[in-house]
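# Descriptive structure summary
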Amino acid sequence: MSPDDPTATALPDGPMPSPAAPVDHLVIVGNGMAGQRLVEALVQREGAPRRITLIGAEACPAYNRILLSPLLAGEMEREALTLRDADWYAERGVELVLGERVERIDRAARRLTTAGGREIAYDRLVLATGSTPALPPVDGLELDGVHAFRDLDDAAALTRAAERGGRAVVIGGGLLGLEAAEGLRKRARAGLSVSVLQRASRLMNRQLDATAAGLLQAELEGRGLEIVTGADLERLEDDGRGRVCAVRLADGRRLPADCVVLAIGIAPSVELGRRAGLEVHRGIVVDDRLTSSDPAIHALGECCEFEGRTYGLVEPIWRQVEVLAARLAGEDVEGYVEAPTATKLKVSGISLYAFGPIEPDVDHEVLTYHDPEHGDYRRLLLRDGRLEGAVLYGDTAAGPWYFAEALAGRHLDACRQALLFGPADARALLDATKAEAPNPATPHAQDRSPQEEAA
Ligand SMILES: Cc1cc2nc3c(=O)[nH]c(=O)nc-3n(C[C@H](O)[C@H](O)[C@H](O)COP(=O)(O)OP(=O)(O)OC[C@H]3O[C@@H](n4cnc5c(N)ncnc54)[C@H](O)[C@@H]3O)c2cc1C
């Protein structure tokens, strides 16, 4: 905490909360996917806090943000996104405060204040404030027609823009940008051209290698999207009436635009925590119990930072929720540990699955299968016979199996020749090797790979 920050509050003078002490009133700020999931996990537990209040800036009960992409594409109805309706919270005694942004935390008094002036006292506080779209450092972001793709309001605005037609430019060729671009294209009624600008030399450069990115680009171009890679954004142009009319690139190119979507990444929503004097780097810093620098305040989801990492996918957030829920209910629980995650793209008709490093290093063995006719591509990275990374395009059915094998750190030399064809053939070879292996009672047998055993 900066000693000069007049808005920062000191730690309370009273005793620090003990992890084992039952929590009386728990307040959760952020009625998004993490906050809602935490409530869900708590109401099932015996030692749950006596009172739970959930405060959210959005006007409706939490919804499945992941499904904003199919909603924009017109593949789902709005109602299907709601996770639980207001009655569900009421029936479980959870107080739901919607449409109110928390503005201030007084840590000394353990009390927070909303923008509407409501004051709420807490014994324990959880910050689950998520993140906001990252903004490129260029002029023109404030113009009409410039959108993000983060919440229901954004999805509604993009739906209207798509239905009006014209020219849409999506800035960012990662997961979110491509889902937005495909959503706009599918939603369009009148003529709408959609361009995707990607600064890197290929789409989804953090998840895909050049071959898979090339296949993806060809597929999207075939559907009618324009993909511009190596695009360095310079500014958004004003039509003179406060509305965006074009995107200007650093190399001088100018793309006319009636609608611009910013999808270059996310920034953890840390302002509330920062103002309260919590330790904040990129996110609100937490330990493996999801506790911030104030023992009475936890943070989880996209607003938190653990061991230098911040988050953008739900899988690790669900594991954080389990740790925090158990702790708040006074249960003994292992701390949160980081684990690899896999990426999928939710664009219908395109299957992608990737995890691990993108570029092989000198010690990686690279196994590749490419069937251009069927649009199938698989590339596996192995180190010392163990799977470390995979990029699958087309047929991705084997993806979860590869991921599980990588997590297990299993030695796969015995099924190397079948590995690219998925689990069925590979497992048969692994089983055969096991059957041939000598008596496992041999000293240190459990430390050896099936391959070493067979040898
Ligand atoms: C279009 C889209 C597609 C996605 N697809 C995938 C996917 O396929 N797979 C995947 O794993 N992840 C996906 N994600 C990411 C996933 O949705 C997030 O990781 C997840 O929602 C994070 O949960 P959270 O609770 O931390 O943040 P959020 O869900 O954003 O919730 C934070 C909530 O806190 C509220 N809030 C913030 N500040 C305050 C305040 N001061 N007072 C009160 N309320 C406040 C916000 O309004 C928001 O409702 C996608 C995201 C988007 C936008």
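Residues numbered from 1 in each chain as written. Predicted model: local features only at pLDDT ≥ 70, side-chain atom pairs only at ≥ 80, totals over all residues.

## Regarding helix α1 (residues 33-42)
For α1, the buried fraction is high: 8 of the 10 residues fall into the buried class. Those residues of α1 that fall on the buried side of the exposure criterion are Met33, Ala34, Gly35, Gln36, Arg37, Leu38, Val39 and Leu42. Among the structural elements, β1 (25-29), β2 (51-56), β3 (94-98), β7 (124-127) and α8 (314-328) are those in contact with the buried residues of α1. (Buried ≥ 20, exposed ≤ 12 C-beta atoms within 10 Å, placed from the backbone. Helix = DSSP H or I, 4+ residues; strand = E, 2+ residues; numbered from the N terminus. Contact = placed C-beta atoms within 7 Å.)

## Here's the deal with the sheet that holds β7
Two modes of strand pairing occur in sheets, parallel and antiparallel, and in both the strands are linked by backbone hydrogen bonds. The 5 strands are arranged β3-β2-β1-β7-β19 in an open sheet whose pairing can be described as parallel. Each of the sheet's edge strands pairs with one partner strand only, and the pair in question is β3 and β19 (297-299). On average, each strand axis in the sheet is inclined to that of its neighbour by 15°, with strand direction left out of account. Summarising the sheet, β2 and β3 pair through 5 bridges and their orientation is parallel. Counterpart to Leu54 in the pairing with β3 is Leu96. Helix-sheet contacts for α1 involve β1, β2, β3 and β7, and the interaxial angle to β2 is about 165°. (Pairing = 2+ DSSP bridges. Axes fitted to C-alpha atoms, helices over the stretch in contact; angles between N-to-C directions.)

## Details of the site of the ligand
Neighbouring residues of the ligand: 34 residues in total, closest Gly30, Gly32, Ala34, Gly130 and Gly301. Going through the elements one at a time, α1, β2, α2 (68-72), α5 (175-187) and α8 are the ones with two or more residues in the shell around the ligand. Here the residues of the shell around the ligand are counted per class, giving 15 nonpolar, 11 polar and 8 charged. Two domains each put at least three residues into the shell around the ligand: domain 1 (25-132 + 267-328) and domain 2 (146-264). (Near = placed C-beta within 6 Å. Nonpolar A, V, L, I, M, F, W, Y, C, P; charged D, E, K, R; others polar. Domains from an automatic or database assignment.)

## Observations regarding the pairing of β2
Each regular strand shows side chains that alternate between the opposite faces of the sheet. In this sheet, β2 lies alongside β1 in parallel orientation, the contact comprising 5 bridges. If you follow Leu26 over to β2, its bridge partner there is Ile52. Following the backbone out of β1, through α1 and into the adjacent parallel β2, one traces a crossover that is right-handed. (Right-handed = clockwise from strand over helix to strand, strands pointing away.)

## Remarks on the domain arrangement of the protein chain
Frequently, the measure chosen for interface size is the accessible area removed from exposure when the parts meet. Entries for the protein chain in the domain assignment read domain 1 (25-132 + 267-328), domain 2 (146-264) and domain 3 (351-454). Taking the mean C-alpha position of each, domain 1 and domain 2 sit 31 Å from one another. Between domain 1 and domain 2, the residue contacts involve 9 residues of the former and 13 residues of the latter. Take the side of domain 1 that touches domain 2: its biggest share by element is 4 residues, from α2. Along the lines of polarity and charge, the residues of the side of domain 1 that touches domain 2 split into 5 nonpolar, 3 polar and 1 charged.

## Topic: the sheet that holds strand β4 (residues 102-106)
Pairing is antiparallel across the open sheet formed by 3 strands, whose spatial order is β4-β5-β6. Of all strands in the sheet, those bounded by a partner on one side alone are β4 and β6 (119-121). Neighbour to neighbour, the strand axes of the sheet diverge by 20° on average, direction disregarded. Two strands pair when backbone bridges link them, and β4 and strand β5 (residues 111-114) are joined in this way by 4 bridges, in the antiparallel orientation.

## Considering unusual backbone geometry
Non-glycine residue Glu307 carries a positive phi angle of around 45°. What makes Glu307 exposed here is the crowd of 11 C-beta atoms within 10 Å. At Asp384, a position not held by glycine, the phi torsion is positive, near 50°. Inspection of the secondary structure assignment puts Asp384 in the loop between β24 (376-383) and β25 (386-393). For Asp384, a count of 12 C-beta atoms within 10 Å corresponds to the exposed category.

## Regarding the nonpolar core
Generally speaking, nonpolar side chains in soluble globular proteins are found buried as a group. One finds Ala168, Val170, Ala180, Leu216, Val260 and Val261 to be the most contacted residues of the largest nonpolar core, which totals 72 residues. No other element matches the 6 residues that α5 contributes to this core. With residues near it in sequence (within four places) discarded, Val261 still touches His147, Phe149, Leu158, Ala168, Val170, Ile171 and Ala180. In terms of nonpolar packing, the next biggest core, distinct from the first, is built from 49 residues, Val27, Tyr89, Val286 and Ala325 among them. (Core = buried A, V, L, I, M, F, W, Y, C linked by C-beta atoms within 7 Å.)

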